[in-house]
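This is what each chain is made of:
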Amino acid sequence: MNASVKPAGALETRLREQLDQFRRDGVYKTFNYLETPQAPRVRMEGRGDVIILSSNNYLGLSDDPVVMAAGKAGIDEYGAGTASVRFICGTYTIHRELEAACARLVGTEAAVSFVSCWNANEALPGTVLTDQDIILSDQLNHASIIDAMRLAKAITKCETGVFKHANYEELDARLSAASDRQVKLVVSDGIFSMEGSIVNLPVLLEVCRKHGAICWIDDSHATGVLGANGRGTPEHFGLHGQVDIITSTLGKALGGAAGGFLAGSAALCDYVMQRARPQLFTNALPATVAASALAAIEVLEAEPERVARLRENTAYFRQGLLNLGFHPLPGDTPIVPVILGETAAAIRMSELLLNTGVFVTGFGYPVVPQGQARVRCQISAAHTREDLDQALAAFDQVGRQLDLI
Ligand SMILES: Cc1ncc(COP(=O)(O)O)c(C=O)c1O
């Protein structure tokens, strides 16, 4: 039999049909290939220079010379790969340094690094909960938390529940009803990535404390972004060091390469290192990435003015959109969504913006609820006023073309 001829089985047929349906519905994602580092302006294959307004490079550290040099030095010092999971022989001194820096940044006793925040989130509930416990999650939490809960339920038989977005009265009632549970874990994003809104941490913490529940914040979009020093949502509210567990990514403001971490008490981190399957059965974060992420944290600590610049740029861009007649979702974070309704409308707008040289991604169902498709702008401290003015001019042009303003 000719090995290159594959049987068109039921799976292939189904996948092809569904892909065709995505195309017919106008929701098929196309991938844009970049030829230069993440930066406010990049070269995009087939398009030339474009302004990026859809990246998590909030502090401009992805192409920062110090961060890049640290990654190169990391590869010289530690080699290309860890070639092992950590407890076998993949732990390097750079991992220990990085974890100390993560804990220092977010104000906890300890931290554990993972190859992604997805893995850190997935590791936590399934490792530490039991069938005596409950986990309650905000309805708009990130997909990795949703999947982590599904997994935890399957593995540990813990009880799981979802409360309506930011509805802390409901949370309060659910925690009252769960008073017989040994451990009550409550989880929320710090910044909700599709809305750009910030969790009401003082209220959330108060409800958690009232019920003796543990508060877990996923601060992936807030680390490096919120608070005067970029320490995240707790610093923003004057609650630095008071959240029990924080997970966050190294793949956004902190250099943007990859990796994530879980931060909390020394005992929690020790236990996770001993028992978490996404620690024990997968290779460690590559040392070069650990080295560049460590440098990114050190740059952030030395240059808090980057965070202030990010805030100024965000305020400038938001006001610019309002002046043009757009109605972005209100907020103070560098995530600025403009709701357009149907998925195809968001994709169309993002295509037209790209034709004018501005890269903004459109998001539709199922990433956001049906009828609330949007283009989501993300601002960086590295954007110049010229970049932002050019992006606003593109919004003006496309907004008129689509009769939106
Ligand atoms: C809130 C939140 N948590 C977790 C993640 C996953 O982060 P990582 O890319 O490190 O897996 C993301 C990334 O989109 C996120 O927005």
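Look up a bit, the structure's there.
Here the structure is a predicted model, which is why all the values come from computation and not from measurement. Each chain carries its own residue numbering, running from 1 in the written order of its sequence. Confidence filtering applies because this is a predicted model: local features only for residues at pLDDT of at least 70, side-chain atom pairs given and counted only at 80 or more, and all residues used for totals across whole chains, interfaces and linings. Hydrogens and waters are ignored; side-chain quantities use all the structure's heavy atoms.

Draft legend 1. Region of interest: the overall build of the chain. Each helix is a run of DSSP H or I of at least 4 residues and each strand a run of E of at least 2, with the numbering of both proceeding from the N terminus. Each helix and strand counted, the chain has 15 helices and 15 strands in total. As a reference, a globule follows 2.2 Å times the number of residues to the power 0.38, and the radius of gyration itself is taken over C-alpha atoms. A compact globule built from 405 residues should have a C-alpha radius of gyration of about 22 Å, and the chain, at 22 Å, falls within 12% of that. Buried positions account for 51% of the 405 residues belonging to the chain. Carbon and sulfur atoms make up 53% of the accessible area of the chain, which totals about 18,300 Å². Exposure classes here rest on a 1.4 Å probe applied to the protein chains alone. A residue is buried below 20% of its type maximum, exposed above 50%, and partly exposed in between. The accessible surface values rely on the Shrake-Rupley method and a 1.4 Å probe; as for residues, cover is taken only from the protein chains in view.

Draft legend 2. Local environment of the environment of Ile339. For Ile339, the position within the fold is in strand β12 (residues 335–341). In the structure, Ile339 is positioned 10 residues away from Leu329 in sequence and 7.5 Å away in space, judged by C-alpha atoms.

Draft legend 3. Molecular detail of the sheet that holds strand β4 (residues 134–138). One open sheet accounts for 7 strands, arranged β3-β11-β10-β9-β6-β4-β5; its pairing is mixed. In this open sheet, the two strands that pair with only one neighbour each are β3 (110–114) and β5 (159–163). Geometrically, the sheet is characterised by an average inter-axis angle of 20° between neighbouring strands, direction not taken into account. Two residues qualify as a contact provided that any one of their heavy atoms is within 4.5 Å of a heavy atom in the partner residue. Where helices are involved, their axes are fitted lines through C-alpha atoms of the stretch in contact, as for all axes, and angles between N-to-C directions lie from 0 to 180°. Against the sheet, helix α5 (residues 117–128) contacts β3, β4, β9 (214–218), β10 (245–249) and β11 (260–264), and its axis sits at roughly 155° relative to β10. Across the sheet, helix α10 (residues 266–275) touches β3, β10 and β11, and the angle it forms with β11 is around 135°. Any two strands between which DSSP finds at least two bridges are classified as paired.

Draft legend 4. Layout of the sheet that holds strand β2 (residues 48–52). A sheet is described by the order of its strands in space; here 3 strands give the open sequence β1-β2-β13, paired in mixed fashion. The open sheet terminates on both sides in strands that have one partner only, identified here as β1 (41–44) and β13 (358–359). Taken together, the 4 bridges between β1 and β2 define a ladder with antiparallel strand orientation. Of the residues in β2, the one forming a bridge with Met44 is Gly48.

Draft legend 5. View of the pattern of salt bridges. Salt bridges are identified by distance alone: a Lys or Arg side-chain nitrogen within 4 Å of an Asp or Glu carboxyl oxygen. Taken as a whole and assessed by the stated rule, the structure comprises 17 salt bridges. Among the salt bridges present, the one from Arg43 reaches Glu35, with a minimum N-O distance of 3.0 Å. Notably, a salt bridge pairs Asp172 with Lys210, separated by 3.0 Å at the nearest N-O pair. With a gap of 38 residues between them, Asp172 in helix α7 (residues 168–177) and Lys210 in helix α8 (residues 201–210) connect regions that are remote in the sequence. Look at Lys210 and you get exposed, because its relative accessible area is 58%. Bridged by salt links that share partners, the residues Asp64, Glu303 and Arg306 form one connected network.

Draft legend 6. Layout of empty space enclosed by the protein. Using protein atoms alone on a 1 Å grid, points that fit a 1.4 Å probe yet trap it form a cavity, whereas open point sets bounded by protein on both sides within 12 Å along at least five of seven lines form a pocket; residues with an atom within 4 Å of a point count as lining. Grid points are joined across faces, edges and corners, and a volume is the space filled by probe spheres set on the points. All chains considered together, the criterion is met by 2 cavities of 30 Å³ or more. Taken as a whole, the largest cavity encloses approximately 70 Å³ of empty space. As for the largest cavity, its lining consists of Arg86, Ser113, Phe114, Val115, Asn119, Pro278, Gln279, Thr282, Asn283, Ala284 and Leu285. If you list the elements that add at least two residues to the lining of the largest cavity, you get β3 and α11 (277–280). Space inside the second largest cavity adds up to approximately 50 Å³. Around the second largest cavity, the lining residues are Ala39, Pro40, Ile52, Ser55, Asn57, Gln378, Ser380 and His383. Each residue gets one of three labels, nonpolar for Ala, Val, Leu, Ile, Met, Phe, Trp, Tyr, Cys and Pro, charged for Asp, Glu, Lys and Arg, and polar for the others, Gly among them. Here the lining of the second largest cavity is built from residues that sort into 3 nonpolar, 5 polar and no charged.

Draft legend 7. View of unusual backbone geometry. A cis geometry characterises the amide bond from Tyr365 onward to Pro366, with omega recorded as 10°. With respect to the helices and strands, Pro366 occurs in the loop between β14 (361–363) and β15 (373–378). With phi around 65°, Lys157 is a residue other than glycine that occupies positive phi space. Looking at where Lys157 falls in the secondary structure, it is placed in the loop between α6 (143–156) and β5.

Draft legend 8. Quick look at the site of the ligand. For this description, a residue counts as near a given molecule or strand if any of its non-hydrogen atoms is within 4 Å of it. Of all residues adjacent to the ligand, which total 13 residues, the nearest are Cys117, Trp118, Asp218, Thr249 and Lys252. Distance and chemistry together define a polar contact, namely a pair of N or O atoms within 3.5 Å, with one atom able to donate a hydrogen and the other to accept it when in protein, and with adjacent residues in sequence counting only for side-chain atoms on both sides. Take Cys117: an N or O atom from its main chain is 2.8 Å from an oxygen atom of the ligand. Contacts to the ligand include Asp218, whose side-chain N or O atom sits 2.6 Å from a nitrogen atom. A total of 390 Å² of accessible area belongs to the ligand in isolation, and the protein chains cover 81% of it.

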